[in-house]
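Spelled out from the first residue to the last, the chains are:
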Amino acid sequence: MKEIATIAIFGLLAALLPLLIGENPYLTGLLITILMMASLSSAWNILGGFAGQYSFGHAAYFGAGAYTTMILLSRFTVNPLLTVLAGIGVACMIALLTGTIVFRLRGHYFALASIAVAEIVRLSVLNFEFTGGAQGILLADVTLWGVDLNSKNPFYYGMLVVLLCTLFLTAYLKRSKTGYYLQAIREDQDAAASLGIDIARYKNRALLMSAALTSVTGSLYALYIRFIDTSAVLDLRLSIEIILTAIIGGVGTLWGAVLGALLLVPLAEMLRSNVLGDLLVKGGFIPETSTLGLFLKENLAHAHVLVYGIITVLCILYLPKGILGLFRRRK
Amino acid sequence: MIQHILHITHVSKHFGGNVAVSDVSFSVDEKEIFGLIGPNGAGKTTLFNCMTGFFPVTSGDIIFDSKKINTLRPDQICRLGMVRTWQRVKPLGSLTVLENVMIGAFSITNATGEANIMAMEQLHAVGLSDYATKPAGSLPIGLKKKLELARVLASRPKMLLLDEICGGLNHTETDSILAIIRAVRNSGTTIVFIEHDMKAVTSICDRIVVLNSGEKLAEGTPEEITTNPAVIAAYLGGGHHA
Ligand SMILES: Nc1ncnc2c1ncn2[C@@H]1O[C@H](COP(=O)(O)OP(=O)(O)OP(=O)(O)O)[C@@H](O)[C@H]1O
Ligand SMILES: [Mg+2]
């Protein structure tokens, strides 16, 4: 109950935020990305945090949503919301196919298989014609119920709704039989099986929930950006960012993914726009024309995954329960 | 009339060339406390693993409650009402003691509140109430054994397979576990009991099967077993005699 109330308050505050910001496309865009990463990592956490099954291929489900929406909208006049549902269907099919095969096996096969499946999806999309191949898909303007989807606020609220759904589901799972069963599987599969838990079935259930939510986020993202290609929505880099955000925030917790996204998305944005390099140069720490200065200018923009990686290693070493774990130490 | 609830018929289990269980047969009656004893490596735990679906048998059949169960998965067997504890305890370490027992209770209810109540009852029964909110992984071994017991009891099994549930416990703790086991039997549960402590076995079991090197060496009442020359030679001879 306390958790439900906290989520509701968070939702309310987040809903009021755009009114505070006013017309600021850059900041709104950043917030949308934060909400998106928080949703994605929360959805990943249902499988990774509860069931302990680390997916390294969640981009496949994100891409399933994004591509299904874009392919349908670029060909037919359909309600965009219907394409979101279709995306869920495609994502769930990929999830079921993966899950039924891999979850019968013990050990870390799922982590490996998730990468393989995501790569198969990516390469297929790259090579098929109807997916736009390497060119990707560009979409002309769309409207939904008369709302012009050119403005950013609808997407801010769309992403917020998906995040809130994911958080509510997580809070519910924490107190439900399914959630407890998933945690039992994470802790000890033999003990779980001996207590009557159908391991493959519950893992599949977690994967389906996770994939469906991830796919919705992908569909929304596609509608928001209106141009997708494989490097934008199906890349391994995205899968890794989803995991790292969850790990850095705190795996298996309700707010870890949100916290991770709040920290990492702005950090990545700073690195991408070279704020850090500029600061070092402007502050006089490094001369602009020196080798180091040039190197930083060239490369720092691409360094955010590396920086995520370093932070993750530090987290695993010093904060095994993520940043949220810091606050729970005393318990 | 005596009802057999479990039939083990000509069960063998080979690991490559290693014969862990060899052509073992016996039957367990309803509401019986049935002892399974034998020296280290005799095949007791392996037999439990076969009975609960963790290992496929090499040959033979296991019939529980008139159903052939040797091709079922562990979770299916549990839901039929045959539940085991682990010799090497398997607490769900980062969950609380209460949550561990709730997971046992979830096999008979879907409601979290109800599972919570059932779990508290079982914690009380084994004397773990004070530890309800502690992480299960933090308990000392003796209490982990009690947790194993509370967790399976919460699923209200028809048949309980206990693998050295008293191992590592002191006399008072062993006595309290034995009292719980008797009470569970009186409430209608059948029990198969693996134990090295001969005093515990002979004091609680109605009948006993002795395994030695995977083979059934003897079967009978505690008196028959403790006076059986073959058993004494193979098993009790090593200074174990009560
Ligand atoms: N998974 C396995 N793979 C290969 N061999 C095994 C396996 N499990 C058990 N064994 C072998 O089967 C034999 C019986 O072992 P088991 O654990 O059943 O004995 P036990 O009667 O339970 O002994 P203890 O009293 O020490 O628990 C041993 O020789 C053991 O090495
Ligand atoms: Mg054993």
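Here, residues in each chain are numbered from 1, in the same order as that chain's written sequence. Going through the entries in the order they are written, you letter the chains from A and number the ligands from 1. Given that this is a predicted model, residues contribute local features only at a pLDDT of at least 70 and side-chain atom pairs are listed and counted only at 80 or more, while totals for whole chains, interfaces and linings are drawn from all residues. Hydrogens and water molecules were not included; the side-chain quantities draw on all heavy atoms of the structure.

### Quick look at the layout of surface pockets
Residues and elements named next belong to chain A. Considered as a void within the structure, the second largest pocket measures approximately 540 Å³ in volume. Grid points spaced at 1 Å and placed over the protein atoms alone form the basis of the search, with a cavity being a set where a 1.4 Å probe fits but cannot get out and a pocket an open set showing protein on both sides within 12 Å along at least five of seven lines. Lining residues have an atom within 4 Å of a point. Forming the walls of the second largest pocket are 23 residues, and the residues nearest its centre are Thr33, Met36, Tyr221, Glu241 and Arg272. Of all the secondary structure elements, the ones that give two or more residues to the lining of the second largest pocket are helix 2 (25-50), helix 9 (199-225), helix 10 (230-233), helix 11 (236-249), helix 12 (256-272) and helix 15 (304-318). Secondary structure elements are defined from DSSP: runs of H or I of at least 4 residues count as helices, runs of E of at least 2 residues count as strands, and each element is numbered from the N terminus. Counting residues per element, the lining of the second largest pocket draws most heavily on helix 2, at 7 residues. In the lining of the second largest pocket, the residues fall into 14 nonpolar, 4 polar and 5 charged. Grid points are joined across faces, edges and corners, and a volume is the space filled by probe spheres set on the points. Charged means Asp, Glu, Lys or Arg here, nonpolar means Ala, Val, Leu, Ile, Met, Phe, Trp, Tyr, Cys or Pro, and polar covers whatever is left, Gly included.

### Details of the coordination of the magnesium ion (ligand 2)
All names here are of chain B. Donor atoms (N, O, S) are those found within 2.8 Å of the metal centre, with the cutoff raised to 3.2 Å for Na, K and Ca; water is not part of the atom list, so apparent gaps in a site can occur. At the metal site, the magnesium ion (ligand 2) is ligated by Thr45 (OG1) and Gln87 (OE1), and these contacts range over 1.9 to 2.1 Å. Here the residue Thr45 occupies a position in helix 1 (residues 44-51), and Gln87 occupies one in the loop between strand 6 (82-84) and helix 3 (97-105), the gap between them amounting to 42 residues. Residue Thr45 is classed as partly exposed on the basis of its relative accessible area of 25%. Accessibility here uses a 1.4 Å probe with only protein chains present; expressed as a share of the type maximum, an area under 20% marks a residue as buried, one over 50% as exposed, and anything in between as partly exposed.

### Thoughts on the domain arrangement of chain B
When the parts of a complex come together, some accessible area is lost, and that lost area is often taken as the interface size. Residues and elements named next belong to chain B. Where each domain starts and ends comes from a domain assignment, either automatic or drawn from a database. We note that the domain assignment places domain 1 (1-81 + 157-242) and domain 2 (91-156) within chain B. Here the C-alpha centre of domain 2 lies 24 Å away from the C-alpha centre of domain 1. On the side of domain 2, 11 residues touch domain 1, which itself brings 13 residues to the contact. Any carboxyl oxygen of Asp or Glu that lies within 4 Å of a side-chain nitrogen of Lys or Arg is treated as forming a salt bridge with it. Summed over the shared surface of domain 1 and domain 2, the result is 0 salt bridges. The definition of a polar contact used here is a pair of N or O atoms within 3.5 Å, where within protein one atom must be able to donate a hydrogen and the other to accept one, and adjacent residues in sequence count solely through side-chain atom pairs. Between the two partners, domain 1 and domain 2, sit 1 residue pair in polar contact (both at pLDDT 80 or more). Here a residue-residue contact requires only that any non-hydrogen atoms of the pair lie within 4.5 Å.

### Thoughts on the sheet that holds strand 5 (residues 67-68) of chain B
Residue and element names in this part refer to chain B. Reading across the sheet, the 4 strands line up as 2-1-4-5 and stay open at both edges, with antiparallel pairing between neighbours. What marks the edges here is a single partner per strand, and that holds for strand 2 (18-29) and strand 5. With 2 bridges joining them, strand 4 (residues 59-64) and strand 5 adopt antiparallel strand pairing. Bridge assignment links Ile63 to a residue of strand 5, and that residue is Lys68. Sheet strands in contact with helix 1 are strand 1 (4-15), strand 2 and strand 4, and its direction is about 115° off that of strand 1. At least two bridges found by DSSP between two strands is the condition for calling them paired. Inter-axis angles, ranging from 0 to 180 degrees, are taken between N-to-C directions of lines fitted to C-alpha atoms, where helices are fitted over the stretch in contact.

### Section: the interface of chain B and chain A
Taken together, the contact pairs 25 residues of chain B with 18 residues of chain A. The term buried area denotes the loss of accessible surface (1.4 Å probe radius) that occurs when two parts are joined, taken as the sum for both partners. Carbon and sulfur atoms supply 61% of the area buried between chain B and chain A, which totals about 1,800 Å² over both sides. When residues of chain B are sorted by the area they lose upon contact with chain A, Leu92, Ile103 and Phe106 of chain B head the list and together hold 25% of the total. Across the contact surface, chain B and chain A share 1 salt bridge. Here Arg73 of chain B and Asp198 of chain A are joined by a salt bridge, their closest N and O atoms 3.0 Å apart. There are 13 residue pairs in polar contact (both at pLDDT 80 or more) connecting chain B and chain A. Residue assignment for the side of chain B that touches chain A shows that the elements contributing at least two residues are helix 2 (74-80), strand 6, helix 3 and helix 5 (141-153) of chain B. Residues of the side of chain B that touches chain A, tallied by class, amount to 11 nonpolar, 7 polar and 7 charged.

### Regarding the nonpolar core
Residues and elements named next belong to chain B. What we call a nonpolar core is a set of buried Ala, Val, Leu, Ile, Met, Phe, Trp, Tyr and Cys residues that are connected through their side-chain atoms within 4.5 Å. Ile103, Ile181 and Phe193 are the most contacted members of the largest nonpolar core, which totals 142 residues. Looking at which domains feed residues into this core, each of domain 1 (1-81 + 157-242) and domain 2 (91-156) supplies at least three. Those residues within four positions of Ile181 in sequence are excluded, and the remaining contacts are Ile33, Leu162, Ile165, Ile191, Phe193 and Ile204. Judged by nonpolar contacts, the second largest core, of 27 residues, contains Phe26, Val28, Val192 and Leu211.

### Topic: the site of ligand 1
All names here are of chain B. Throughout this document, a residue counts as near a molecule or strand when at least one of its heavy atoms sits within 4 Å of that molecule or strand. In the region of ligand 1, 14 residues are neighbours, and Asn40, Lys44, Thr45, Thr46 and His196 sit closest. One of the side-chain nitrogen or oxygen atoms of Asn40 is found 2.8 Å away from an oxygen atom of ligand 1. Taking Ala42, its main chain carries an N or O atom lying 3.2 Å from an oxygen atom of ligand 1. Areas reported here follow the Shrake-Rupley algorithm with a probe of radius 1.4 Å; residue values treat only the protein chains shown as occluding. In isolation ligand 1 exposes 630 Å². Once the protein is present, 65% of that is buried. Contributing elements (two or more residues each) for the shell around ligand 1: strand 2 and helix 1. For the shell around ligand 1, the leading source of residues is helix 1, giving 3 residues. For the shell around ligand 1, a count of residues per class yields 4 nonpolar, 8 polar and 2 charged.

### Here's the deal with the pattern of salt bridges
All told, the structure shown has 14 salt bridges over all chains when counted by the stated rule. Among the salt bridges present, the one from Arg207 of chain B reaches Glu219 of chain B, with a minimum N-O distance of 2.8 Å. Taken as a pair, Arg207 of chain B in strand 9 (residues 207-212) and Glu219 of chain B in strand 10 (residues 215-220) lie far apart in primary sequence, 12 residues in all. Where salt bridges share partners, they join Asp198 of chain A together with Arg73, Asp75 and Arg79 of chain B into one cluster.

### Let's talk about the packing of aromatic side chains
Residues and elements named next belong to chain A. When the centres of two rings from Phe, Tyr and Trp lie within 6.5 Å, Trp using its six-membered ring, the rings pair. Their planes under 30 degrees apart give stacked, over 60 give edge-to-face, and anything left gives tilted. As enumerated under the stated definition, the model contains 13 aromatic pairs over all chains in all. Plain terms: the ring middles of Tyr181 and Tyr202 are 5.0 Å apart, the flat faces sit at 70° to each other, and that makes the pair edge-to-face. Highlighted residues: Tyr181 in helix 7 (residues 177-187) and Tyr202 in helix 9, separated in sequence by 21 residues. Neither residue differs from the other here; Tyr181 and Tyr202 are each classed as buried.

### A short note on the confidence of the model for chain B
Values of pLDDT, the confidence the predictor places in each residue, fall between 0 and 100. Across chain B, the average pLDDT comes to 92, with 96% of residues at 70 or higher. Quick note on the complex model: pTM equals 0.92, ipTM equals 0.93.

### Quick notes on the packing of helix 2 of chain A against helix 11 of chain A
Residues and elements named next belong to chain A. Two elements in contact, helix 2 and helix 11, have axes whose closest approach is 8 Å; the angle formed by their N-to-C orientations is 80°. What the angle tells us is that helix 2 and helix 11 run roughly perpendicular. Contact with helix 2, carried on its side by Met37, Leu40, Ser41 and Trp44, involves Leu238, Glu241, Ile242, Ile243, Thr245 and Ala246 of helix 11 and no other residues of that element. Residues of the contact of helix 2 with helix 11, tallied by class, amount to 7 nonpolar, 2 polar and 1 charged. Angles are sorted into four bins: roughly parallel if under 35 degrees, roughly antiparallel if over 145, roughly perpendicular if 65 to 115, and oblique for all others.

### Observations regarding the environment of Val19 of chain B
Residues and elements named next belong to chain B. Checked against the element boundaries, Val19 lands in strand 2. On a C-alpha basis, the gap between Val19 and Asn100 in space is 35 Å, while along the polypeptide they are 81 residues apart. The residues contacting Val19, other than those within four sequence positions of it, are Lys13, His14 and Ser213.

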